[in-house]
Each structure stands twice: as structure tokens, then as C-alpha cells.
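Listed here are the chains, written in short residue letters.
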Amino acid sequence: MNTLFDLSGKVAIVTGCNTGLGQGMAVALAQAGCHIVGVNRSDSSDTRERVQSNGQSYLEVRVDLGDTKVIDSILKATLDKFGRVDVLVNNAGIIRRNDAVDFTEADWDAVMDLNSKSLFFLSQAVAKQFISQGEGGKIINIASMLSFQGGIRVPSYTASKSAVLGLTRLMANEWAKYGICTNAIAPGYMATNNTEALQQDESRNREILGRIPAGRWGTPQDMAGACIFLASDAANYVNGHTLAVDGGWLAR
Ligand code: NAD
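Every value quoted in this text rests on a predicted model; they were computed, and no experiment measured them.

*Asks:* Run through the site of the ligand, naming residues and quoting values.
*Replies:* If you check the shell around the ligand, you find 29 residues, and the closest are Asn 18, Asp 64, Asn 91, Tyr 157 and Thr 192. Tyr 157 is positioned such that a nitrogen or oxygen atom in its side chain is 2.6 Å from an oxygen atom of the ligand. Protein contact buries 94% of the 820 Å² of open area that the ligand shows by itself. Sorting the residues of the shell around the ligand by element identifies helix H1 (20–31) and helix H5 (155–175) as the ones contributing at least two each. In terms of residue class, the shell around the ligand is built from 13 nonpolar, 13 polar and 3 charged.

Following this line, the structure appears as C-alpha cells:
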């Protein structure tokens, strides 16, 4: 039982971990024993300090994941430093809000390119590495309530996160035979930069809180248990599942 959730010596790539949910998961994985490769477009020294204070190594790879051309450099930097990879957390994501009738192609492409396209091609690159290592691996995609629901004023976000749920199943179907477990976490309404506008909008905030059975917004720390579980041997026979961490939102 003690070793089931032990990630000592594993190497985890976490995208978008300088803040928010990605930071919460990077720190949680470090506390469980992982070295962390943080893939960020801006400075992640706060995460570095938190990872190192748990006794683990931290490698920053500074790239913009809006462009798939950077993916080879992420793998190269990881292998140069650690020689292997065990876990990929596809967390980096953006949202653009506008009425569907006014929504622009630029807001469509920016969100789809990061949230779906880069997620797929980074997973592909890491899966190839997992296959060559021959010991399986864990891919954890960050989905959303809008993988299950339609949402409002966020067409490209809904499309991208619905794609994340489908791709999680597809990757599981193709790669489970290599011992690669691909799953997703669907966070509910979490207090981060991503939801700042909603938290500030008094009436939307009231509506949202009124529907969450737990009666509060989630926090980056609320992601820890699900993330460690899906990264660990405890989840070796869990494939293609999207696990809601939502304070009960979907149960309503
Ligand atoms: P956040 O805005 O605090 O964090 C997003 C992260 O992605 C940041 O680290 C940011 O630097 C990184 N990022 C953005 N664009 C990037 C790019 N082009 N290249 C590299 N990194 C980039 O938001 P968050 O709430 O922590 O979101 C994390 C993930 O969780 C996202 O995929 C988001 O869609 C998802 N999510 C959040 C909520 C929520 O309520 N906050 C709910 C469901 C899903």
C-alpha cells in the first residue's frame, strides 16, 4: 500500500506550471517523488522553488506551446537532463470569451492550437519515447466541465476540451497495449487566472457557487490527489477515463 502512490525518481513533464492548476499538480507530483520538467512560456521560478524545497530537481523549458515546432526541443531537454520520462501532464490551456455570433477565427485557432493540437502532438512525441523505453508511462490530459457540457460564450474552448475527452479515449485505445495509461482530469470551477473574469462577475459568481454541491470554488491543491493517483501504479489498469474534480458540479 505504501508504494502504490510512490513516484520516487520518476520524471514528469508538466505544461503550464508557473501558476494555477499546473503549479498545484507539479508541486503535488514533486511531493510524491517526481523530478519535474516545467514547460512554460513565462518565468516559473516560484514553481522551481516549491519543487526543489521538496527535494526534487526542476528543469525549466521555456517555449510557447501555441506552435508544435517546439515539441522536439521539450523532449531533447528532458532526455539531456534526466535520460527518461515517466509522466506527461498536458495542462497548458487558454480560454477566449465572446458571443458565438461575434467569435473570431483568431480566437478559434489560438485556443484549438494550444488546448487540442499541441496536446496531441506532445503526447505523440512522449508516447514514442515511452514505447522506446519499454516500461509504459502515464499521460494525464486536463479536460473541463465543457468536455461534458456546452458552455456559453466560449465556442473554441468547448470544442477544444470536448476534443481532449475524445483524444484521451483514442490514445488509451491505441497505446494501452504498450503499458501507457492515458486519462484526463476534468476540473470544475477552480479559482485561477483562467476564471478571474467569472469570479469578479458578481451574478455569475453567485450562480456558479449556487450550483456547486461543495459550496466553494476549487483550488490548485484540489488537483493533487487525482493527479498523483493517475500518475501512479495505483492507476495501472485505468485507461481512457476522464475524472471530474468538480465539488459535485456534474452530479447536479
Ligand atoms: P491559468 O491561466 O492559471 O494557467 C494556464 C497555464 O497555461 C499557465 O501556466 C500559462 O502560462 C500556460 N500557458 C498558456 N498559454 C501557453 C502557451 N502558449 N505555451 C505554454 N504555456 C502556456 O489557468 P488554470 O485554470 O490553471 O488552467 C490550467 C488548465 O486547466 C487549462 O488547460 C484550463 O483550461 C484547465 N481548466 C481550468 C479550470 C478552472 O476553473 N480554472 C477548469 C477546467 C479546466
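We are not done yet, so read on.
*Asks:* How would you explain the pairing of strand E3 (residues 58–62) if you had to name every residue and give the values?
*Replies:* The side chains of a regular strand alternate between both faces of the sheet. Bridge count for strand E2 (residues 35–40) against E3 is 5 bridges, and the pairing is parallel. Looking at E3, one finds that Val 39 is bridged to Val 61. Note that the unit made of E2, helix H2 (residues 45–52) and E3 has a crossover that is right-handed.

*Asks:* Break down the nonpolar core for me, with residues and values.
*Replies:* Residues Ile 13, Val 37, Val 39, Ile 74, Val 126 and Tyr 189 are the most contacted members of the largest nonpolar core, which totals 40 residues. With 8 residues, helix H4 (residues 105–133) is the single largest residue contributor to this core. Discounting chain neighbours no more than four positions away, the residues touching Val 39 are Ile 13, Val 14, Thr 15, Gly 16, Cys 17, Val 61, Val 63, Leu 65 and Ile 74. The next biggest cluster of nonpolar side chains, apart from the first, holds 30 residues, and it includes Tyr 58, Val 89, Met 190 and Cys 227.

The rules we used
Residues numbered from 1 in each chain as written. Predicted model: local features only at pLDDT ≥ 70, side-chain atom pairs only at ≥ 80, totals over all residues. Heavy atoms only, no water. Near = heavy atom within 4 Å. Polar contact = N/O pair within 3.5 Å; in protein donor to acceptor, adjacent residues only side chain to side chain. Areas by Shrake-Rupley, 256 points an atom, 1.4 Å probe, with all protein chains shown as cover. Helix = DSSP H or I, 4+ residues; strand = E, 2+ residues; numbered from the N terminus. Nonpolar A, V, L, I, M, F, W, Y, C, P; charged D, E, K, R; others polar. Pairing = 2+ DSSP bridges. Right-handed = clockwise from strand over helix to strand, strands pointing away. Core = buried A, V, L, I, M, F, W, Y, C linked by side-chain atoms within 4.5 Å. Buried < 20%, exposed > 50% of the residue type's maximum accessible area, 1.4 Å probe, protein only. Contact = heavy atoms within 4.5 Å.

Nothing here speaks to function; it is all geometry.
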